[in-house]
Amino acid sequence: LLNYYKQLLRVRRNSPALIQGEYLPLHEDAKGYFAFLRVTRPERREVETKDGEQTVLVVLNYAAKPLELDFSQANEIERSSLHVLFSSAARSIMDLDPEKLHIGAFEVLVAEVE
């Protein structure tokens, strides 16, 4: 349990979106899971860069069954892939498709949108 929280804290410390990002709820009427984005955007500059920009998807499955979810319709996610930053389940694949996202029973998933 201690290592679980240490890993979560490390992910938070290294993710600007989780520290100060804007909260954007997803699938608000969902039953059995909770999903949201945290998004940081660069300050307005004369030249647009990706510096300081990060989007993180957080999914908490509190159902006793696995789920297949589709987040591809969210503007911040469409045409992107997801890179796992933290998962409470063992995962062999770290880059995921937001259109067919498999979440295990009671899994916590934190993934960066790339």
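Calculation rules
Residues numbered from 1 in each chain as written. Predicted model: local features only at pLDDT ≥ 70, side-chain atom pairs only at ≥ 80, totals over all residues. Heavy atoms only, no water. Patch = residues over 30% accessible without salt bridge, like charges linked within 9 Å, V, L, I, M, F, W, Y side chains within 5 Å. Areas by Shrake-Rupley, 256 points an atom, 1.4 Å probe, with all protein chains shown as cover. Salt bridge = Lys/Arg side-chain N within 4 Å of Asp/Glu carboxyl O. Helix = DSSP H or I, 4+ residues; strand = E, 2+ residues; numbered from the N terminus. Buried < 20%, exposed > 50% of the residue type's maximum accessible area, 1.4 Å probe, protein only. Lys, Arg positive; Asp, Glu negative; His and termini not counted. Charge placed at Lys NZ, Arg CZ, Asp CG, Glu CD. Pairing = 2+ DSSP bridges.

(A) Spatial organisation of a nonpolar patch on the surface. Together, Tyr23, Phe34 and Tyr62 make up a nonpolar patch on the protein surface, roughly 330 Å² of accessible area in all. Along the chain, the position of Phe34 falls in strand 2 (residues 33-40).

(B) Layout of the pattern of salt bridges. Applying the stated criterion to the full structure yields two salt bridges. In this structure, Arg91 engages Glu107 in a salt bridge whose closest nitrogen and oxygen atoms are separated by 2.9 Å. Highlighted residues: Arg91 in the loop between strand 5 (82-87) and strand 6 (95-96) and Glu107 in the loop between strand 7 (101-103) and strand 8 (108-113), separated in sequence by 16 residues. The class for Arg91 is partly exposed, based on a relative accessible area of 22%. By relative accessible area, Glu107 is classed as buried at 2%.

(C) Examining the environment of Ala17 more closely. Mapped onto the secondary structure, Ala17 falls in helix 2 (residues 16-20). As a C-alpha pair, Ala17 and Glu112 span 95 residues in sequence and 9.3 Å in three-dimensional space.

(D) Seen up close, a negative patch on the surface. Residues Glu68, Asp70, Asp97 and Glu99 make up a contiguous surface patch of negative charge. On the secondary structure map, Asp70 appears in the loop between strand 4 (67-69) and strand 5.

(E) A look at the pairing of strand 2. Among the eight residues in strand 2, seven count as buried, and that is most of the element. With five bridges joining them, strand 1 (residues 22-26) and strand 2 adopt antiparallel strand pairing. Paired with Tyr23 across the strands is Arg38, a residue of strand 2. Joining the antiparallel neighbours strand 1 and strand 2 is a turn of six residues, in which His27 adopts a positive phi near 50°. Pairing between strand 2 and strand 3 (residues 54-61): eight bridges, direction antiparallel. When the sheet's bridge partners are listed, Thr40 is paired in strand 3 with Gln54.

(F) Region of the structure containing the sheet that holds strand 5. Strand order in the open sheet formed by six strands is 1-2-3-8-5-6, with antiparallel pairing between adjacent strands. The open sheet has two edge strands, strand 1 and strand 6, and neither has a second partner.

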